[in-house]
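Fold and geometry: a report
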There are 2 protein chains.
Amino acid sequence: MKKYLDKLKKNNLKITSKRVAILELLERSGEALSPEDIRNELAAKFEKVSYPSVYKNLEDMSRIGVLAKIARPDRRLYYALCRAREDKHHHHIICSKCGKVGEVEECDLFRRKVINGYRITSHFLQLEGICSDCGK
Amino acid sequence: MKKYLDKLKKNNLKITSKRVAILELLERSGEALSPEDIRNELAAKFEKVSYPSVYKNLEDMSRIGVLAKIARPDRRLYYALCRAREDKHHHHIICSKCGKVGEVEECDLFRRKVINGYRITSHFLQLEGICSDCGK
DNA sequence: CCTTAATTAGAAATGATTTCTATTTATACC
DNA sequence: GGTATAAATAGAAATCATTTCTAATTAAGG
Ligand SMILES: [Mn+2]
Ligand SMILES: [Mn+2]
Ligand SMILES: [Zn+2]
Ligand SMILES: [Zn+2]
């Protein structure tokens, strides 16, 4: 947890009770959650939680790399805690049964400069599968 | 073009004037277009074009692999003609300047069965870059 | 303790996408 | 070519996740 809070500070994001609660929730659950999921969970802990601030917090924290944006077939927003070493290129896999998110370091694309005549500026890889718990 | 129409038939999608026009437009342009882009273009050719049928056609034709769904940062829907051999695993790259879409066959992930304990069921890779024309 | 800018809640707006229904059309079969 | 059938379509309306706006609150640094 300290690791994440330090990163907030380093990026001039204040340590607010809402942000801490979001990080704790995502750490505890291990799953990718929607803004709505998160607001509902926080509603149990706080008297008031607004959607705009949940949305903004999730967006801000994913922008600085503390959270990862997870793409799902319903095209809604999902966020998970990003647990990998920040300097190691990686992507994420989500379990389609339970939503648990794992880190995937098997990607060499960041080495490639040009593919099919295009100079690559970015790439996004999202995997889906069945985690070891759900696969038993 | 015949290749695409055959694939429609094979999948029990009727050859309608709107579908042919969408395919011709995407083939001519080479870019990923939004449903709105496409409706606007078709509006010049047909007296009436409804959004629901544009949306449904794009979705149906991408479901059978004639079109490719392209992910962009604005999270809206975009579609492009899929030009690769249908039996060859591949992904797509879009030029962030002009929107032109290219086929990318450099992906070995379909060989991997398990990563980080997850049994992989699907993966989505979307690249972005600068095409050879725009890079001059 | 003060100052200041960031954060937040609440209410309202937004707009891309979907749903619904009646009409039209492509296609298979005779 | 004519007919039957299911698919495709237009139009209007609804949906609803996300964003915008504004005034009040709060974290952090001096
Ligand atoms: Mn990560
Ligand atoms: Mn393709
Ligand atoms: Zn990568
Ligand atoms: Zn692949």
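In what follows, the accompanying structure is described. Predicted, not measured: the structure shown is a model, and the values here were computed from it.

It is worth spelling out the interface of chain B and chain A at this point. Taken together, the contacts link 33 residues of chain B with 33 residues of chain A. In this assembly, chain B packs against chain A so that about 2600 Å² is buried in total across both faces, 57% of it on carbon and sulfur atoms. Among the residues chain B hides against chain A, the three largest losses belong to B:R75, B:Y118 and B:I130. Together they make up 25% of the total. Linking chain B with chain A are two salt bridges. Applying the counting criterion to the chain B and chain A interface returns 17 residue pairs in polar contact (both at pLDDT 80 or more). Secondary structure elements with two or more residues in the side of chain B that touches chain A: β3 (91-95), β4 (101-104) and β6 (118-130) of chain B.

A few words on the relation of the copies chain B and chain A. Each of the two chain copies can be generated from the other by rotation about an axis followed by a shift along it. For the match of chain B to chain A, the screw axis carries a shift of 0.0 Å, the RMSD comes to 0.0 Å, and the turn is 180°. Both chain copies can therefore be described as sitting about a two-fold axis. Minimal C-alpha distance to the rotation axis in chain B is attained by B:L125, lying at 2.2 Å. Looking at the interface residues of chain B, 100% of them are also at the interface in chain A, so both copies use one shared face.

In this section: the protein's contact with DNA strand D. Inspection of the region around DNA strand D gives 19 residues, with A:Y55, B:T16, B:K18, B:R19 and B:K48 positioned closest. For DNA strand D, the fraction of atoms within 4 Å of the protein that belong to sugar or phosphate moieties is 77%. The side chain of B:T16 places a nitrogen or oxygen atom 2.8 Å from a phosphate oxygen of DNA strand D. Taking B:R75, its side chain carries an N or O atom lying 3.4 Å from a phosphate oxygen of DNA strand D. For the surface near DNA strand D, the elements supplying multiple residues, two or more each, are α4 (51-63) of chain A together with α2 (17-29) and α4 (51-63) of chain B. At four residues, α4(B) tops the list of elements feeding residues into the surface near DNA strand D. Here the residues of the surface near DNA strand D are counted per class, giving seven nonpolar, four polar and eight charged.

Conventions adopted
Residues numbered from 1 in each chain as written. Chains lettered and ligands numbered in written order. Predicted model: local features only at pLDDT ≥ 70, side-chain atom pairs only at ≥ 80, totals over all residues. Heavy atoms only, no water. Contact = heavy atoms within 4.5 Å. Buried area = accessible area lost by both parts, 1.4 Å probe. Salt bridge = Lys/Arg side-chain N within 4 Å of Asp/Glu carboxyl O. Polar contact = N/O pair within 3.5 Å; in protein donor to acceptor, adjacent residues only side chain to side chain. Helix = DSSP H or I, 4+ residues; strand = E, 2+ residues; numbered from the N terminus. Least-squares fit on C-alpha atoms with pLDDT ≥ 70 in both. Near = heavy atom within 4 Å. Nonpolar A, V, L, I, M, F, W, Y, C, P; charged D, E, K, R; others polar.

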